[in-house]
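Next come the chains, spelled out residue by residue.
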Amino acid sequence: LTLRLAKTDENDEGQLVAIPLQPSRWLCPVQALGKWQVACMALGLDMTTPEGRNAPVFCPISQTDKPRLGRNMSGKSVGEIVKKRAAAAGYDWDFFTAHSLRAGLITEAHESGRSQLDIMATSRHKSPDVFATYVRSSDAMRRAASKGLL
């Protein structure tokens with residue numbers, strides 16, 4: 001996926017981010033994007049055309065549940081969606097923001113053993129110090145340096 005207008009893209013060249021297929025069709029972002037592209041096509045935006053390829057993937061949804069194709073979804077809207085979904089899953093929505101998605105990916109990738117360089121390539125972090133602030137270990141006992149030393 002090519003990200004355009006990313007805040008870390010200082011030269012406006014676009015940034016390529018790999019999004020691999022996942023085994024679960026319910027959790028696969030590639031399959032979800034394909035379904036979204038089909039829905040957009042039904043509404044008149046063909047994402048295979050030059051105009052469609054340059055359109056934002058995430059767009060606002062009107063109060064009547066219609067996508068506002070060609071417009072960017074705001075960070076505030078993403079945060080509201082994250083909070084609603086967290087509350088629907090039974091979590092305290094006060095602890096969740098749009099940035100929770102990024103921190104969650106980084107934390108899960110880190111805890112599953114992915115290399116820091118690979119994670120930073122996906123998250124597009126340039127600074128290891130800033131990257132480290134995103135790793136939010138949920139299991140301090142499992143990662144304790146003294147574990148198994150005695």
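This structure is a prediction, so every number in the text was calculated from the model and none was measured. (Residues numbered from 1 in each chain as written. Predicted model: local features only at pLDDT ≥ 70, side-chain atom pairs only at ≥ 80, totals over all residues. Heavy atoms only, no water.)

S.K.: So what exactly am I meant to see when it comes to the overall build of the protein here?
M.R.: Within the protein one finds six helices and two strands. When its helices and strands are written in sequence order, the protein yields β-β-α-α-α-α-α-α. C-alpha atoms of the protein, sized along the principal axes, occupy 65 × 40 × 30 Å. Buried positions account for 19% of the 150 residues belonging to the protein. Taking the 20 positively charged and 15 negatively charged side chains of the protein as two groups, their mean positions are separated by 5 Å. (Helix = DSSP H or I, 4+ residues; strand = E, 2+ residues; numbered from the N terminus. Buried < 20%, exposed > 50% of the residue type's maximum accessible area, 1.4 Å probe, protein only. Lys, Arg positive; Asp, Glu negative; His and termini not counted. Charge placed at Lys NZ, Arg CZ, Asp CG, Glu CD.)

S.K.: Just to check I follow, could you spell out the nonpolar core for this structure?
M.R.: Side chains of nonpolar character tend, in soluble globular proteins, to be buried together. By size, the foremost hydrophobic cluster in this structure holds seven residues: Ala103, Ile106, Ala109, Ile119, Met120, Phe131 and Tyr134. Residue assignment for this core shows that the elements contributing at least two residues are helix 4 (99–111) and helix 5 (116–123). The element best represented in this core is helix 4, accounting for three residues. Every residue in contact with Ile106, bar those within four places of it in the chain, is listed here: Ile119, Ser123, His125, Phe131, Tyr134 and Val135. (Core = buried A, V, L, I, M, F, W, Y, C linked by side-chain atoms within 4.5 Å. Contact = heavy atoms within 4.5 Å.)

S.K.: Just to check I follow, could you spell out the state of the cysteines for this structure?
M.R.: Disulfide: a covalent bond formed between the sulfur atoms of two cysteine residues. Within this structure, the stated rule accounts for zero disulfides. No disulfide involves Cys28; its nearest neighbouring cysteine sulfur is the one of Cys40, lying 17 Å away. Free of any disulfide, Cys40 has its nearest cysteine sulfur in Cys59, 6.0 Å distant. With a relative accessible area of 1%, Cys40 lands in the buried category. (Disulfide = S-S within 2.5 Å.)

S.K.: How do you make sense of the packing of aromatic side chains when you look at a structure like this?
M.R.: Centre-to-centre distance and the angle between the planes together describe a pair of aromatic rings. Scanning all chains against the criterion turns up one aromatic pair. Its end group placed over the ring of Tyr134, Arg102 keeps NZ or CZ at 5.3 Å from the ring centre. (Phe/Tyr/Trp six-rings, centres within 6.5 Å; stacked < 30°, edge-to-face > 60°. Lys NZ or Arg CZ within 6 Å of the ring centre and 35° of its normal.)

S.K.: Whenever I open this one, helix 4 confuses me. Can you help?
M.R.: An α-helix turns once per 3.6 residues; consequently, residues spaced three or four apart project the same way. For helix 4, built from 13 residues, the straight-helix expectation of 18 Å at 1.5 Å per residue is met to within 8% by its first-to-last C-alpha distance of 18 Å. Among the residues of helix 4, Ser100, Ala103, Ile106, Thr107, Ala109 and Glu111 are the ones counted as buried. Count one or two residues on from helix 4 and you reach Gly113, which has phi positive near 95°. (Expected span 1.5 Å × (residues − 1).)

S.K.: Honestly, a nonpolar patch on the surface in this entry has me stumped. Any pointers?
M.R.: Taken together, Leu1, Ile19, Leu21 and Val30 make up a surface patch of nonpolar side chains, about 340 Å² in accessible area. Note on Leu1: relative accessible area 41%, which makes it partly exposed. (Patch = residues over 30% accessible without salt bridge, like charges linked within 9 Å, V, L, I, M, F, W, Y side chains within 5 Å. Areas by Shrake-Rupley, 256 points an atom, 1.4 Å probe, with all protein chains shown as cover. Salt bridge = Lys/Arg side-chain N within 4 Å of Asp/Glu carboxyl O.)

S.K.: Can you walk me through helix 1 (residues 29–42) in this structure?
M.R.: If you check helix 1, its first and last C-alpha atoms are 20 Å apart, about what 14 residues at 1.5 Å a residue would give, namely 20 Å. Immediately beyond the C-terminal end of helix 1, within one or two residues, lies Gly44, with a positive phi of roughly 105°.

S.K.: Even after reading the chapter, I still don't get the packing of helix 4 against helix 5, so can you show me in this structure?
M.R.: In a pair of packed helices, the angle between the axes and the distance between the axes together describe the arrangement. Look at helix 4 against helix 5: their axes get within 10 Å of each other, and the N-to-C directions meet at 160°. Here helix 5 runs roughly antiparallel to helix 4, going by the angle between their axes. Crossing of helix 4 against helix 5: the hand is right-handed. Across the interface between the two elements, Arg102, Leu105, Ile106, Ala109 and His110 of helix 4 pack against Ile119, Thr122 and Ser123 of helix 5. Its residues assigned to classes, the contact of helix 4 with helix 5 shows four nonpolar, three polar and one charged. (Axes fitted to C-alpha atoms, helices over the stretch in contact; angles between N-to-C directions. Parallel < 35°, antiparallel > 145°, perpendicular 65-115°, else oblique. Left-handed = near helix turned anticlockwise from the far one by under 90°. Nonpolar A, V, L, I, M, F, W, Y, C, P; charged D, E, K, R; others polar.)

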